[in-house]
Amino acid sequence: MSKEENAIIARKLSKRFPRKVFPRLEYFDVLRDVSFSIKKGERVALIGSNGSGKTTLLKTMATIYLPDSGDLLINGYDVYKHAEKIASHTTLISPALDFQKKLTLRQTLRFFHSIQAPYGELDIALDFLKRMHMEYLLDKRLESFSEGQKAITRIAIGMMKNPDIFFLDEITTGLDVNRKEDLVDFLKENISSEQTIVMVDHDPLIVERICDSYILLSRGVVVKQGRAKDIGKELAYKYEVMVIMKDRPEFDEIVMLFPDQADDVLIDGHVVYFRAEDEDELYSIIERLRLNRETITKYVVSLVDLSNIYHALKPETINEIRTVEDEKGLPERTPTFDELQEIIRLFGIMIDTKSGVKIPPRKLP
Amino acid sequence: MISETKTIQESALHFRLRWLKKQIRLIVLMTWRNLQVDFAYKFQLLVDLSWIAIDIAIFTIWGGLIGEAGGDTGLDATTYLLVTVTFWVWLGKAYDDTILALQDEASRGTIGYLVTNNISVNTILVARFVASTIKTTIVTFFILIPSLALFGVVDLGSISLQAGIIVLLSFFISWLFMLAFSTLVASLTIVFKRIGALAGMLHAGLKIASGYYFPLSRFLGDDVHPLVRGLIKISFLLPTTQGAEITRRVLGGGNYSVATLLTRLMGLLIGTVLMIVLAFLVVYRLTNLSRYWGTLEQY
Ligand SMILES: Nc1ncnc2c1ncn2[C@@H]1O[C@H](COP(=O)(O)OP(=O)(O)O)[C@@H](O)[C@H]1O
Ligand SMILES: [Mg+2]
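Since the structure is predicted, the reported quantities are computational estimates derived from the model, not experimental observations. (Residues numbered from 1 in each chain as written. Chains lettered and ligands numbered in written order. Predicted model: local features only at pLDDT ≥ 70, side-chain atom pairs only at ≥ 80, totals over all residues. Heavy atoms only, no water.)

Some words on the overall build of chain A
Here comes step 1: Within chain A, the secondary structure is distributed over 13 helices and 16 strands.
Here comes step 2: Split into buried and exposed, the 365 residues of chain A put 55% on the buried side.
Here comes step 3: Counting contacts in chain A only where the partners sit at least 6 residues apart, residues at least 24 apart contribute 69% of the total.
Here comes step 4: Within the structure as shown, chain A displays about 16500 Å² of accessible surface, and the carbon and sulfur contribution to it stands at 49%. (Helix = DSSP H or I, 4+ residues; strand = E, 2+ residues; numbered from the N terminus. Buried < 20%, exposed > 50% of the residue type's maximum accessible area, 1.4 Å probe, protein only. Contact = heavy atoms within 4.5 Å. Areas by Shrake-Rupley, 256 points an atom, 1.4 Å probe, with all protein chains shown as cover.)

The following block contains the structure:
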């Protein structure tokens, strides 16, 4: 395969940050020996639980960070030597990026358009804003914008650059369902087959609709790569039902009220999570909720959130991940699926696969 | 062979020129954006203006209490101090703003957007310094110039063309010195974050050394401890002191000869060139370090 066909090549890429600087410099690893390649025009999803290093990887590729070792070529350019070149052909959109609030949307767009020169196209941003019904805000200062409107503005600025590679970090966060739909449509229509996308999103539907493939990260290690449409196959569950109970429930109580779901339940204070493998199971949970309607305040059904992916993965996938991590000699070990189930059953706690097990700040039921 | 080498050299030069042009363009754009933001905070401008007015009032009284500026200056203390205040109005404010610039951009969350869109840390700092200079010029135009004329501090008519040019040059070079110095100190904030106290001390140090609070030439008499005298002599070598001294002697109507002015100007120029080189090295290294340590967006 010729070099030009690859938009991104990472070889044994490592990134660490100082844990403390004084009195002695100590580091902690965030990315360890990450290797992958992404073809020009490919759309790749980075998935992994919180803290697994997704944002760090995006920022390293976008030249905000320098790797500590390994090779990273973006568009054939070496990140160590040609950061400036890479920056002018890539765009990073992340919720952490913000603007001068005293400027209007128009002033902000003009400013970014002029510093992106000669590559940007103002019309892309204007089209996008029109599509998102935000034209009427052009002469408003950004300080008056809602979170959703700011998210749109970020995307508009990033899109305007018309880059070779998009790094999209949780860009649908804060958008309502309709806007998410509009955004996905716009991206699909306006990003050409020459342009590459590397994105993080917790909504499996968005990932499935935009991406061709995925890279699964766990504690800074690439543990699995595959086709985006197979993500569903890796998941033991598809849906999640969040139920807010009127009273703090005991585990036994839940088992009594929802006998069929006792295996897949997670209790967090007043909130109970059920998970369903398919539509049939989902309907049976909802049926149960109807029957017990006097004990609950409300419930929300959603697709499994990819930021909690380890809750939802199939046992064999988790074992696979563990094998990869063992090969890398990671000091801590991801709990097996059975262990996870046992912990959830015993304590009803949330699992953070990065730090192993994390108990949320609340009393145990 | 020869012609080939020449082409390569030419294209390298061409490349540098293009790069330079681009950098200047980015500085101009960034300066414009800073001014747009600055002038959106109207109350802040009023506060800045009030401080200048208060400084002028205080130093007028303070100068009256001191009497003569001493040494071979041939100036009364009020004139000495007011001209020094004027000299520092631009440089001091620009320094303060520049020190806060990166922290400000980081805490607003804007820095990540800038650095991924061609604006380097260096550009942010230089543009902040330039914008503050312009802002101060606009804000003070209506207060500083009239009050200097009103108090009879500056008599423009008595200044020779030669001395006038030297003053303008010395102000410009002092401005470059402070630009480089501010950039250097401010770049520490991308790795070490809060450095307000250190930055403040350095600022105060430069001001004291240049006779901002008191004409140091008063302390050069024989009754002064040799150590103090030595320190003061050293402080006279600082570029900002040279710049302030040239400005005071000429604008205040004190004693000077064109030869001594030129000597000072040379000292100022050498110090400034050294500072620019140092600032470039430090900013470059710290920017790299911040990319390794992931501190750029922290505050
Ligand atoms: N600039 C930084 N300085 C220090 N630590 C960081 C920095 N950025 C991220 N980290 C740490 O690196 C780890 C991975 O973070 P991140 O890449 O944001 O994860 P993700 O996006 O997958 O949730 C976390 O432990 C986080 O605290
Ligand atoms: Mg993240």
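Structure shown, so let's carry the discussion forward.
Digging into the sheet that holds strand β3 (residues 43–47) of chain A
All names here are of chain A.
Here comes step 1: Pairing is mixed across the open sheet formed by six strands, whose spatial order is β6-β7-β8-β3-β9-β10. Looking at the sheet topology across the chains shown, the edges are occupied by β6 (90–93) and β10 (221–227). For this sheet, the mean angle separating the axes of adjacent strands, direction not counted, is 15 degrees.
Here comes step 2: Direction of pairing for β3 relative to strand β9 (residues 213–218): parallel, over a ladder of four bridges. Residue pairing in the sheet places leucine 46 in a bridge with isoleucine 215 of β9.
Here comes step 3: With respect to the sheet, helix α1 (residues 54–61) is in contact with β3, β6, β7 (165–169), β8 (196–200) and β9, its orientation differing from that of β7 by roughly 150 degrees. (Pairing = 2+ DSSP bridges. Axes fitted to C-alpha atoms, helices over the stretch in contact; angles between N-to-C directions.)

Some points on the side chain of lysine 224 of chain A
All names here are of chain A.
Here comes step 1: Tracing the chain through its elements places lysine 224 in strand β10.
Here comes step 2: What makes lysine 224 buried here is its relative accessible area of 16%.
Here comes step 3: Contact partners of lysine 224, with chain neighbours within four places excluded, come to Tyr214, Ile215, Leu216, Glu234, Thr317 and Glu320.

Focus: a negative patch on the surface
Here comes step 1: The grouping of Asp247, Glu250, Asp252 and Glu253 of chain A at the surface amounts to a negative patch.
Here comes step 2: Relative to the elements of secondary structure, glutamate 253 of chain A occurs in helix α9 (residues 251–257). (Patch = residues over 30% accessible without salt bridge, like charges linked within 9 Å, V, L, I, M, F, W, Y side chains within 5 Å. Salt bridge = Lys/Arg side-chain N within 4 Å of Asp/Glu carboxyl O. Lys, Arg positive; Asp, Glu negative; His and termini not counted. Charge placed at Lys NZ, Arg CZ, Asp CG, Glu CD.)

A word on the interface of chain A and chain B
Here comes step 1: Every contact between the two is made by 43 residues of chain A and, on the other side, 31 residues of chain B.
Here comes step 2: Both faces combined, the contact of chain A with chain B buries some 3100 Å², and carbon together with sulfur accounts for 56% of it.
Here comes step 3: When the area that chain A buries against chain B is broken down by residue, the three leading residues are Leu66, Gln100 and Ile115 of chain A, summing to 21%.
Here comes step 4: Where chain A meets chain B, there are two salt bridges.
Here comes step 5: Inspection of the region where chain A meets chain B yields eleven residue pairs in polar contact (both at pLDDT 80 or more).
Here comes step 6: Counting only elements with at least two residues in the side of chain A that touches chain B, the list comes to β1 (6–20), α2 (83–89), β6, α3 (105–116) and α5 (147–160) of chain A. (Buried area = accessible area lost by both parts, 1.4 Å probe. Polar contact = N/O pair within 3.5 Å; in protein donor to acceptor, adjacent residues only side chain to side chain.)

Description of the sheet that holds strand β13 (residues 271–276) of chain A
All names here are of chain A.
Here comes step 1: Overall, antiparallel pairing links the four strands, which are arranged β12-β13-β11-β14 in an open sheet. Strands at the two margins of the open sheet, each flanked by one partner only, are β12 (265–268) and β14 (296–303). The average undirected angle you get between the axes of adjacent strands in this sheet is 20 degrees.
Here comes step 2: Bridging between strand β11 (residues 239–245) and β13 involves six bridges; their strand directions are antiparallel. The residue of β13 that forms the bridge with glutamate 240 is arginine 275.

Details of the packing of aromatic side chains
Here comes step 1: Per the counting criterion, the structure on display carries 18 aromatic pairs over all chains.
Here comes step 2: Consider the rings of phenylalanine 99 of chain A and tyrosine 113 of chain B, whose centres lie 5.7 Å apart with planes at 25 degrees: the pair is stacked. Here the residue phenylalanine 99 of chain A occupies a position in the loop between β6 and α3, and tyrosine 113 of chain B occupies one in helix α4 (residues 111–115), the pair thus bridging two chains.
Here comes step 3: Relative to phenylalanine 214 of chain B, the ring of tryptophan 62 of chain B has its centre 5.9 Å away and its plane inclined at 55 degrees; by these criteria the two rings are tilted. With tryptophan 62 of chain B in helix α2 (residues 42–66) and phenylalanine 214 of chain B in the loop between α9 (196–209) and α10 (226–235), this pair connects stretches of sequence that are 152 residues apart.
Here comes step 4: Judged by its relative accessible area of 33%, tryptophan 62 of chain B falls in the partly exposed class. (Phe/Tyr/Trp six-rings, centres within 6.5 Å; stacked < 30°, edge-to-face > 60°.)

Some words on the pattern of salt bridges
All names here are of chain B.
Here comes step 1: According to the stated counting rule, one finds 30 salt bridges over all chains in the structure shown.
Here comes step 2: Aspartate 48 serves as the salt-bridge partner of lysine 93, at 3.5 Å between the closest nitrogen and oxygen. Separated by 45 residues along the polypeptide, lysine 93 in helix α3 (residues 77–108) and aspartate 48 in helix α2 bring together distant segments of the chain.
Here comes step 3: The exposure class assigned to lysine 93 is partly exposed, which follows from its relative accessible area of 22%.
Here comes step 4: One salt bridge in this structure joins arginine 248 and glutamate 245, with 2.4 Å as the shortest N-O distance. Taken together, the positions of arginine 248 and glutamate 245, both in helix α11 (residues 239–252) and three residues apart, correspond to about one turn of that helix. Take arginine 248 and glutamate 245: they sit in the same class, and that class is buried.
Here comes step 5: Each of Asp38, Asp48, Lys93, Asp97, Arg128 and Lys135 takes part in one network of salt bridges that share partners.

A closer look at the site of ligand 1
Here comes step 1: The full set close to ligand 1 counts 15 residues, and Gly51, Lys54, Thr55 and Thr56 of chain A together with Gly294 of chain B are the nearest of them.
Here comes step 2: Chains contributing residues near ligand 1 are chains A and B.
Here comes step 3: Within the backbone of serine 52 of chain A, one N or O atom sits 3.2 Å away from an oxygen atom of ligand 1.
Here comes step 4: Within the contact set of ligand 1, a nitrogen atom lies 3.1 Å away from a side-chain nitrogen or oxygen of glutamine 298 of chain B.
Here comes step 5: Considering ligand 1 on its own, with 560 Å² of exposed area, one finds that the protein chains cover 73% of that surface.
Here comes step 6: Secondary structure elements with two or more residues in the shell around ligand 1: β2 (26–39) and α1 of chain A.
Here comes step 7: Of the residues assigned to the shell around ligand 1, the class counts are four nonpolar, nine polar and two charged. (Near = heavy atom within 4 Å. Nonpolar A, V, L, I, M, F, W, Y, C, P; charged D, E, K, R; others polar.)

Focus on the pairing of β12 of chain A
Residue and element names in this part refer to chain A.
Here comes step 1: Of the pairings in the sheet, the one linking β12 to β13 comprises four bridges and is antiparallel in character. Residue valine 265 lies in a different strand from β13, and its bridge partner there is phenylalanine 274.
Here comes step 2: Once β12 ends, the chain turns through two residues before running back antiparallel as β13, passing glycine 269 with a positive phi of about 65 degrees.

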